[in-house]
Every structure is written in C-alpha cells, then in structure tokens.
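Listed below are the residues making up each chain.
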Amino acid sequence: MPPEADLAALRVTLALAGLTTLILLSLGTPLAWWLARSRWRFKFLLEALVALPLVLPPTVLGFYLLILLAPGGPLGRLLEALGGAPLAFTFGGLVVGSVLYSLPFVVQPLQDAFAAVGERPLEVAATLGASPLDRFFSVAVPLARPGFLTGAVLGFAHTLGEFGVVLMIGGNIPGRTQVLSIAIYDHVEALEYGRAHVLSAGLLGFAFLLLMAVYALNRRHRPVRP
Amino acid sequence: MSIEVRFRIARRAFTLEVEARLPARGVTALSGPSGCGKTTLLRAIAGLERDPGGYCRVGEAVWQDGDRFVPTHRRPLGYVFQEPSLFPHLRVRENLDYGYKRTPRGERRVDFAEAVALLGLEALLERHPQGLSGGERQRVAIARALLAGPRLLLMDEPLAALDRTSKREILPFLERLHEALAIPVLYVSHSPTEVARLADHLLLLEAGRIRAAGPVNALLTRLDLAREQGAAAEALIEARVGGHDTAYHLTWLDFPGGRFSITRNDLAVGRRVRLRVLARDVSLTLARQTGTSILNIFPATVADLTGDGPARVLVRLDLAGSPLLASITRKSAALLDIRPGRRVFAQVKAVALVD
C-alpha cells in the first residue's frame, strides 16, 4: 500500500466524521427535543430504536444496510428509480451508515440537556412574548449548550473509530471509502507495524484530546439552575 | 374594566372550579391555604394551564373562549414566578431586554430606564444572575415582567422563596409599583401581612373553589372569616395624614370615623396610609371615657356580632362607614348589652401603620 494512501484515508475519515456530525446535529436536534418533551405513551419504542446502535454489532447494522442499499435492494431500486446511483460501496453510503451508527451518541446527550433545561425557563420566555420557535433558539439551545458540545464531539469521535459498518457497506476503496481504522487493519495484515503505529497513536491522541476538551469546556459552562 | 374568568381544571389533590369577575385595577390578592388552587388559577389566566372549556377575558380582550385560545406569548401579561427565574445565560440587562425587545414600541407600558429606577437595578445591569442575592433576582424578575408591556401583572407568591431581609427589601418596591403604575395586579399570597399591605381586593380560595371575594377590608371584617383568624383578626383603615402635633410629638391620621393620634413620624401631610387594628386591641364603652390614657376613642355603631369560643365575642363596628373589629368577653357583651344597632365608643389601644 503506497504511503499516500494513509493521507487519503485520513482525508476520507475526517470528511466522513465531519459530514456525519453536521447531519446528526441537524436531524438529531429536533428528534432529541421531541424525545425530551413528548409525553407520548409509546415514546420508549423510539428511544429503544435510537439506542440500538449502542449494543448492536456494527456488522449487523452494516449487513442490513448493505442489503437495503445494494443495487438490487429496496432502497437501491428506489434511488435508481429517482435517478440516483446505488449507495453501496460509495462515500454516500458510508455517510448513511455512519449517521445511523453514531445516532445515539448525538441524540442522547442532546435529549438529556434539553430535559435538564426544564419547563420553567420556557414558560418564562412565553410570558415575555417569545413564540415557540423563538423560545427554542433563545432559551433552550443556549441552556443546552453543553449537550450540543458533548453530542458533536462524541458523534465525531465515534465516527472516526467506525470499522464494522464501513467494512460492510463501504468496502475498502483507497481514496474513496477507505477510512483510517480500515487502513490500520490492512497495515497489520501486511505486517507493516510501523505505519499501523503511526495511525493508531494518532487516532488515540486525537480522541483523547477531543474528549478532554469536552470535559474541560463543560465544566466551565456548567449550566446554573435558577 | 374588569377581568372575568371561568375555569374547571381537575388536579389530583383538588379540582379548581372558579367563576369570578375581578376588578381590573389595583391589586387583587388570591389567598387561601396551600394547595387550594391559587397558582393553578394564575397559570390558567396566563394560558400556561389549559382548560378546553375555560373562559378568560381581561378588559376588552378575550384570551380564551370556546375554540379561541390566545397562546401565552401573545397575551400582554407579565408573570413573576415564585422562585426568581432569570435566564442564567443572560446578564441582568439582557434579561430585562428579553421581553422589552419582543414588545412592539406602541405597546410598552414602562420604559427601560423607568423600570430600572423603580426597582433600583442601576448597579446590577452588567451582572450575571448567579452573582445576585435572592431579593435582587426577584427585583430583576419583576422589572423584566413590567418591561414586557403587561395589561395585567400576575405574581405568584413573589416573596415566598425569600428570607425576611429580602422580603423587607422588596415590599416597598411593590408598593411603589402600586402607586406609580396603573397596571392591575393579581397577587397570589397566603401571607396576611402582604395582603394587608398590598391588596385592595381579595379572592379567598379553598379546595379549588371561591370562598369569598370582595374589597379587602370588607372581607377581613366579615365575622365568619375573621373568627377563623383567631388572635390575628384585624381591620384595615384607610387614612390620610392630617398634620403633626409638635407639642406632644404626635401625628394625626384622619379617616371618616375620626382622627387617630399616633407617635410622631415624618410622613408628609396629605399622604394616604393604611392602618391595621387588631380586634384584641379594641375595647368598648357605653359612654366616652374620660380619665383614661387611651387617646384613640371613636363613636361607633354595633353592626354585627358572633361568638368566638366559649368566653369571647367578636363584634363588627361601623365607624361612619369604616368597619372595625372588637374582641371582647362574652360577659362584657352581656353587661353592656351589645347588640346590632347599639351606639358605643370604641377604644383603640394600639394601631400599626402598614409600612
């Protein structure tokens, strides 16, 4: 494996983690808000579904996604009918897989943070003339800020370390779908321990720094309960 | 102008079932034992509790009727919660601005500088809520509510969560509010002191229902209600500072039934004050006593009386329109032949200026 391949894998990994985090923040925020505030009786069904990737072997998730997204699969056919290309073995497929795989890591901190904001600040905002959307952005989001930070970093870091799902639906195409965790696996298979060390130590250090930053920042911005 | 409400809200502990018309001026106290539905009623008026069959009108504006339900953020009201709920992520100035900025210019009732001055917040504007005392926070919360241009100010035991010092710090601000602004206030409180100081009108709730409603003094001196107050039974008298006696160092307070003399203070002549007279501090005589150290003696007519335990009788007197309560022994009542219509003299041993 040529050395440039490592750089390409880094690029793919960062792009994947970045895009996944952005998508998760935009989809996960309304979902977490709803989960935190809904009194629907069967809410627990949705909560269990969101938490599933925490316990499911990534290969299981990847396997079903592969079947769904493959050219002959139900979603694959639908995409083709809509004029798109099948997602299996593409970067787009990786993004879909990563979003599902990292969902609970973003949604759960957000849900906890929204729940911790409580009803009172939103009622206060309502009596001061703020519409529901206005209350959400001017009160709920700033007060849930530690949850956003935690969710974003956990989602990003978790996607960085993804292996099973990527292997199942992305394959291992250098420069397109090969991510760092798989490059490390390849190096070890090829007995290139030196290059495996560089990438592994890099990931280890980076993950630690990220988490450290989250904990440090959340300590400084611990929300004050009125 | 009036406020009209009709709500039926079932809670686990009680069912609030209220139909009332309240004056849309001055301070109306909602009082009653805890868990009687005071807060629920206030929240329903604010639109924070929903009763699909409810009705709520404030002045000309119907806030709830049938299918019509104006959401809280579209109701021109101010709400002060029991615990000072400032936004922790905003400075005092930004907290005050929150409602102010969201109120169209033409609907503002108080301008920013006026609210800041009224509640003495000049020195706090750049501070964060975390650094303020409980009393300071509640003052900010009150100013914030005023700045949202309310047609109705709802206050849910704003002093209950505060210590005595903070309470004493805030009460004068609330009284100033009462004097300076023409915004009607609904004030939830179970403190007789606060009611005596602030309220013009009283709504007594019990187990979710209205027990009594009316002008505060009429209710305080209603014998069935006063009897439940025991030793705290009292009457309020609205008086005006009539002048000062420099020789004896006294201040005269005039009311329709006569003139009170109290130890001199430096209140301005003409100023309106409120006096509290405990029923236990009022005794009765048939003829005007001379040779007594009591200064405050007024001719009165017995309006009504009721037994108050085996030994005492509670008497409601009429002093040229001002009601007053006297608590005397059953024996004295019999000896003096106290009955409605009897002309007597009320001797007031002690009087407290509400301040």
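Residues numbered from 1 in each chain as written. Chains lettered and ligands numbered in written order. Predicted model: local features only at pLDDT ≥ 70, side-chain atom pairs only at ≥ 80, totals over all residues. Heavy atoms only, no water.

A. Molecular detail of the overall build of chain B. Helix and strand counts for chain B stand at nine helices and 21 strands. Relative to the globule expectation of 20 Å for 355 residues, the C-alpha radius of gyration of chain B, 23 Å, shows essentially globular dimensions. Along the three orthogonal principal directions, the C-alpha set of chain B runs to about 65 × 50 × 35 Å. Carbon and sulfur atoms provide 49% of the accessible area of chain B, an area that totals close to 16000 Å². Positive and negative side-chain charges of chain B, numbering 51 and 39 respectively, have mean locations separated by a distance of 2 Å. (Helix = DSSP H or I, 4+ residues; strand = E, 2+ residues; numbered from the N terminus. Rg over C-alpha atoms; globule rule 2.2 N^0.38 Å. Areas by Shrake-Rupley, 256 points an atom, 1.4 Å probe, with all protein chains shown as cover. Lys, Arg positive; Asp, Glu negative; His and termini not counted. Charge placed at Lys NZ, Arg CZ, Asp CG, Glu CD.)

B. Broad picture of the pairing of strand β7 (residues 77-80) of chain B. Residue and element names in this part refer to chain B. The side-chain alternation of β7 yields two buried faces, one formed by Leu77 and Tyr79 and the other by Gly78 and Val80. In this structure, β7 lies alongside strand β8 (residues 152-156), joined through four bridges in parallel fashion. Bridging from a neighbouring strand, Leu77 pairs with Leu152 of β8. (Buried < 20%, exposed > 50% of the residue type's maximum accessible area, 1.4 Å probe, protein only. Pairing = 2+ DSSP bridges.)

C. Inspection of the sheet that holds strand β14 (residues 258-263) of chain B at higher detail. Residues and elements named next belong to chain B. Across the sheet, five strands lie side by side as β14-β13-β12-β15-β21; this open sheet has antiparallel pairing. The open sheet is flanked by β14 and β21 (352-353), the only strands paired with a single partner. The pairing of strand β13 (residues 250-255) with β14 spans six bridges and is classified as antiparallel. In the sheet register, Leu253 faces β14, and the bridge partner there is Phe260.

D. Spotlight on a nonpolar patch on the surface. Judged by side-chain polarity, Trp34, Trp40, Phe42, Phe44 and Leu45 of chain A come together as a nonpolar surface patch covering roughly 530 Å² of accessible area. Trp34 of chain A sits in the partly exposed class, given a relative accessible area of 35%. (Patch = residues over 30% accessible without salt bridge, like charges linked within 9 Å, V, L, I, M, F, W, Y side chains within 5 Å. Salt bridge = Lys/Arg side-chain N within 4 Å of Asp/Glu carboxyl O.)

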